[in-house]
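Coordinate inspection notes
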Amino acid sequence: MAKIKLEYIWLDGYEPTQNLRSKTKVEEHENFKGTLEELGNWSFDGSSTRQAEGGSSDCLLVPVAIYPDPTRINGWLVMCEVMYADGTPHPSNGRATIDDDNDDFWFGFEQEYFIMDTKTQLPLGFPVGGYPAPQGMYYCSVGGKNTHGRKLVEEHADLCIAAGINFEGINQEVACGQWEFQLFAKGAKKAGDEIWVARYLLDRLTEKYGYYIEYHPKPLGDTDWNGSGMHANFSNTVLRTCGSQEVYEKICEAFRPVTAEHIAVYGAYNDQRLTGKHETASIHDFSYGVSDRGCSIRIPLMTVQKGWKGWLEDRRPASNGDPYKIAARIIKTVNSAI
């Protein structure tokens, strides 16, 4: 028998942006294989996470995904859904709203973020009381003058890969101290699971660096510095195989009348980012176009070159958005058009 450490991870009930919470259960197992079937449900004090009242505070944690924890001996990361005591989904449970049981929808999320110094409360590379050189030389840069935080970013990539997450890339972004990582998964629920676990690993990693991660979509306010998004690349069988410009345009048009519904779940404070500047469309408009990063939805050039077989990119989701809620809304709109 070996003792294993199970890190149960869930989303709290804070609004407008939920936070990751976790706690460790130590169990004895013989020949633990790391499957969901070997795990039991757990509970937590929902009154401490804005998910229950003190007089009836127990909420259930139901495991939905498990990954090896590369930072612990005999450790596992367990992503959970939050349920009421009767087993019904808690209102904070965005995963339960996804209608993709056959995993027909594929998602590739591009998670942007700022690395912040806990002492200065500023992005890496920002001097106290001023600004670094203007944007231009930071994007995909190399060298100590313009590149800040690479050690943490590289370590995070290694942790995600070691955990079995389908991690697809990293790059420094347009603003100083801003980075991005990319994930891809077949199945909307899996895509959301992997973004949240990757965020968890990133947040936990900052504890030893004296940093923290800022997911706010416009942390530097109304300045000429880029905000952070989480572009959602998505497809289903129709988009991957239809070979029809007409079908693509019909699906894109289905997004137009439900613009407000999408913005409502694309992340808080997104109006500060979606201004029509810095490679964004205005939050008040809806547009789509081939290879146009200033549109709400970009039709990738590669999709067109392959005969209108591929995917679409919704560029509106904010960096602090919940990938579960974003995917659920995209699926609902696409399905309404086909």
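Residues numbered from 1 in each chain as written. Predicted model: local features only at pLDDT ≥ 70, side-chain atom pairs only at ≥ 80, totals over all residues. Heavy atoms only, no water.

**Structural notes on the overall build of the chain**
A tally of regular secondary structure across the chain gives seven helices and 13 strands. Expected size for 338 residues packed as a compact globule is a radius of gyration near 20 Å; at 20 Å, the chain falls within 12% of this value. By its C-alpha atoms, the chain is 55 × 50 × 40 Å across when sized along the principal axes. Partitioning the intrachain contacts of the chain with sequence separation of at least 6 by distance along the chain shows that 66% fall at a separation of at least 24. Of the charged side chains in the chain, 34 are positive and 46 negative, and the gap between their average positions amounts to 3 Å. (Helix = DSSP H or I, 4+ residues; strand = E, 2+ residues; numbered from the N terminus. Rg over C-alpha atoms; globule rule 2.2 N^0.38 Å. Contact = heavy atoms within 4.5 Å. Lys, Arg positive; Asp, Glu negative; His and termini not counted. Charge placed at Lys NZ, Arg CZ, Asp CG, Glu CD.)

**Regarding the pairing of strand 1 (residues 2-11)**
With seven of ten residues buried, strand 1 lies mostly within the body of the structure. Pairing between strand 1 and strand 2 (residues 20-29): ten bridges, direction antiparallel. What sits directly across from Leu6, in strand 2, is Lys25. Relative to strand 5 (residues 75-83), strand 1 runs parallel, the two sharing five bridges. Note on strand 5: the bridge partner recorded for Glu7 is Leu77. (Buried < 20%, exposed > 50% of the residue type's maximum accessible area, 1.4 Å probe, protein only. Pairing = 2+ DSSP bridges.)

**Points about the UniProt feature "domain: GS catalytic" (unreviewed entry) in the chain**
If you check UniProt for "domain: GS catalytic" (unreviewed entry), the listed places come out as residues 89-338 in our numbering. Secondary structure within residues 89-338 divides into 30% helix and 18% strand; the distance between the first and last C-alpha atoms comes to 28 Å. (UniProt positions renumbered as here; feature names shortened; annotations may be inferred.)

**Thoughts on the packing of aromatic side chains**
In the structure shown here, the tally under the stated rule is 16 aromatic pairs. Taken together, Phe107, Phe109, Phe234 and Phe255 form an aromatic cluster joined through their ring pairs. One residue, Arg50, lies across the ring of Tyr14, its end atom 3.8 Å from the ring centre. Geometry around Trp196 places Arg199 over its ring, the cationic atom sitting 4.5 Å from the centre. (Phe/Tyr/Trp six-rings, centres within 6.5 Å; stacked < 30°, edge-to-face > 60°. Lys NZ or Arg CZ within 6 Å of the ring centre and 35° of its normal.)

**Section: the UniProt feature "domain: GS beta-grasp" (unreviewed entry) in the chain**
Taking the numbering used here, the UniProt-annotated feature "domain: GS beta-grasp" (unreviewed entry) corresponds to residues 4-87. Annotated as residues 4-87, this span is 0% helix and 50% strand, and its ends, taken at the C-alpha atoms, are 26 Å apart.

**Section: the nonpolar core**
Counting residues in hydrophobic clusters, the biggest one holds 61 residues, and the most contacted among them are Met79, Phe107, Tyr113, Ile165, Leu312 and Ile330. Here this core takes ten residues from helix 2 (residues 188-206), the largest share from any one element. Once residues within four sequence positions are removed from consideration, Leu312 is found in contact with Ala232, Asn233, Phe234, Leu239, Tyr248, Ile251, Cys252, Ile297, Arg298, Ile299 and Pro300. Core analysis: the next-biggest nonpolar cluster, separate from the first, contains 14 residues, Leu6, Tyr8, Val78 and Val82 among them. (Core = buried A, V, L, I, M, F, W, Y, C linked by side-chain atoms within 4.5 Å.)

**Re the pattern of salt bridges**
A complete count under the given rule lists 15 salt bridges for this structure. The salt bridge partner of Arg204 is Asp69, with a shortest N-O separation of 2.8 Å. Residue Arg204 is located in helix 2, and its partner Asp69 is located in the loop between strand 4 (58-68) and strand 5; the two are separated by 135 residues in the primary sequence. Judged by relative accessible area, Asp69 falls into the buried class, the value being 3%. Measuring nitrogen to oxygen at the nearest pair gives 2.5 Å for the salt bridge that ties Glu313 to Arg298. Of this pair, Glu313 sits in strand 13 (residues 312-314) while Arg298 is found in strand 12 (residues 297-299), placing the two residues 15 residues apart along the sequence. Here Glu313 matches Arg298 in class, with each residue buried. Members of the salt-bridge network, linked through shared partners, are Glu81, Arg95 and Asp193. (Salt bridge = Lys/Arg side-chain N within 4 Å of Asp/Glu carboxyl O.)

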